[in-house]
Amino acid sequence: MMGHARAQAYPVKPLRIIVATVAGGGSDFIARLLAQKLTEALGQQVIVENRAGAGSTLGIEAGIRAAPDGYTLNLITPSYSINPSLYPLKFDPVNDYTPVIPVARGPLVASVHPSLPARNLRELIALAKARPGQIVYGSAGQGTIVHLANALFLHGAGISMVHVPYKGGAPAMTDLIAGQISLVFATAQVGLAQAKAGRIRALAVTTRERIAAEPNIPTIAESGVPGYDVSNWHGLIGPRGLPRPVVERLNGEVGKIIRGKDMEERLRGDGVSPTGGTPEALFEQIRREIGMWRDAVKAADIKIQ
């Protein structure tokens, strides 16, 4: 009964959503959309706080070390699942948080410069086998989802390429368009837009399913690397011990928000689709991906300097 009363009262003051990246990126965009809609739904101001650094671990730690009262949340990305394999964390990534809801997911797009003599992913794999260690791929930085997704593809396909890490996805795409590098696993928003403009060639998407917006682009799994499935996702979490009534309130409100037509259109415009679902579904996804990325990091011998 008391838990029900607390849920009815919550929230009684402003909330904050911590985003562990700089302002202006995809995560920041989604967090600010959510904050705007949640402010309306909850009747309390929801603000976005950007805390970048140390591969996003600083912002995550600040969020999960906060009081478990529902007033501090984190919007997380695949880096949450990747970082345990790359950084000495000061928290337990499996037990030191409370899952709230999966928010959105989308593919990365395997994109090549048009001069590369590969019209599809199978041809790219064959070309890489014929030219081992000669094809150059770029990423948004060492240990990012863009880097790890590409490394997982190389391992699954049994090929090798030269990695050039950039300080973000934008400079990597700029050099791909200029022909300075040959391959980038781009976000869907950027990759599909540049492919439509004829500046690059989109060979495959990283998710298990093809995407509705471009159904003619095959998946990596059906193009020579069976079982491959990587998504660029976002989820909402809180500190460990978040009361269940608060979790259920947030899950319900965010679920309604992302199912709304306006929100869905704006998310799809950013290259992702709304997901929603239970806190348990988010927990299982994170647990599974921590193991997947641990194996990928070990196989590719990736170390953060």
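Figured I'd write up the structure that's included with this text.

Brief notes about the packing of aromatic side chains
1) Next: Tallied over the entire structure, the rule returns five aromatic pairs.
2) Next: Between Phe153 and Phe185, the ring centres sit 5.8 Å apart and the planes meet at 40°, which makes this aromatic pair tilted. Pair noted here: Phe153 is in helix 6 (residues 145-157) and Phe185 is in strand 8 (residues 183-187), with a separation of 32 residues, a long-range link. Taken individually, Phe153 and Phe185 each receive the classification buried, so the pair is uniform in this respect.
3) Next: Each member of the aromatic cluster is reached from another via a ring pair, and the members are Tyr80, Phe91, Tyr97 and Phe283.
4) Next: Across the ring face of Tyr71, the terminal group of Lys13 is positioned such that the distance to the ring centre comes to 4.8 Å.

Quick look at helix 7 (residues 169-178)
Since there are 3.6 residues in each turn of an α-helix, residues three or four apart along the chain are aligned in direction.
1) Next: Taken as a whole, helix 7 has its buried residues at Ala172, Met173 and Leu176. The arc enclosing the buried residues of helix 7, seen along the axis, measures out at 95°, which places them on a common side.
2) Next: Close packing links the buried residues of helix 7 with strand 5 (108-112), strand 6 (136-139), strand 8 and helix 8 (188-196).
3) Next: Residue Gly179 follows helix 7 closely and has a positive phi angle near 85°.

Quick notes on the sheet that holds strand 4 (residues 97-106)
1) Next: Judged by pairing direction, the sheet is mixed, and its six strands sit side by side in the order 2-1-3-10-4-11 without closing on themselves. What marks the edges here is a single partner per strand, and that holds for strand 2 (46-50) and strand 11 (273-274).
2) Next: As paired strands, strand 1 (residues 15-19) and strand 3 (residues 72-76) are joined by four bridges and run parallel to one another. By the bridge assignment, Arg16 is partnered in strand 3 with Thr72.
3) Next: Helix 2 (residues 26-42) rests against strand 1, strand 2, strand 3, strand 4 and strand 10 (232-239) of the sheet, and its axis sits at about 160° to strand 2.
4) Next: Contacts between helix 11 (residues 279-300) and the sheet are confined to strand 3, strand 4 and strand 10, with strand 4 contributing the most and set at about 80° to the helix.

Observations regarding the sheet that holds strand 6
1) Next: Taken in spatial order, the five strands make up an open sheet running 7-6-8-5-9, and their pairing is mixed. The sheet is open, and its two edges are formed by strand 7 (162-165) and strand 9 (201-205), each paired on a single side. Averaged over all pairs of adjacent strands, the angle between their axes in this sheet comes to 30°, without regard to strand direction.
2) Next: Where strand 5 and strand 8 come together, five bridges link them in antiparallel fashion. In the strand pairing of strand 8, Val109 is matched with Ala186.
3) Next: Set on the sheet, helix 6 makes contact with strand 5, strand 6, strand 7 and strand 8; between it and strand 6 the angle comes to about 145°.
4) Next: Here helix 8 sits on the sheet and contacts strand 5, strand 8 and strand 9; the angle it forms with strand 8, its principal contact strand, is near 115°.

With respect to unusual backbone geometry
1) Next: The linkage connecting Tyr10 with the following residue, Pro11, adopts the cis geometry, with an omega of 0°.
2) Next: The residue Pro11 is located in the loop between helix 1 (2-9) and strand 1 in this model.

Quick notes on the side chain of His147
1) Next: Within the element layout of this structure, His147 appears in helix 6.
2) Next: We classify His147 as buried; its relative accessible area is 3%.
3) Next: Once residues within four sequence positions are removed from consideration, His147 is found in contact with Tyr137, Ser139, Gly141, Gln142, His163 and Ile302.

Scoring rules and cut-offs
Residues numbered from 1 in each chain as written. Predicted model: local features only at pLDDT ≥ 70, side-chain atom pairs only at ≥ 80, totals over all residues. Heavy atoms only, no water. Phe/Tyr/Trp six-rings, centres within 6.5 Å; stacked < 30°, edge-to-face > 60°. Helix = DSSP H or I, 4+ residues; strand = E, 2+ residues; numbered from the N terminus. Buried < 20%, exposed > 50% of the residue type's maximum accessible area, 1.4 Å probe, protein only. Lys NZ or Arg CZ within 6 Å of the ring centre and 35° of its normal. Arc of directions from axis to C-beta. Contact = heavy atoms within 4.5 Å. Pairing = 2+ DSSP bridges. Axes fitted to C-alpha atoms, helices over the stretch in contact; angles between N-to-C directions.

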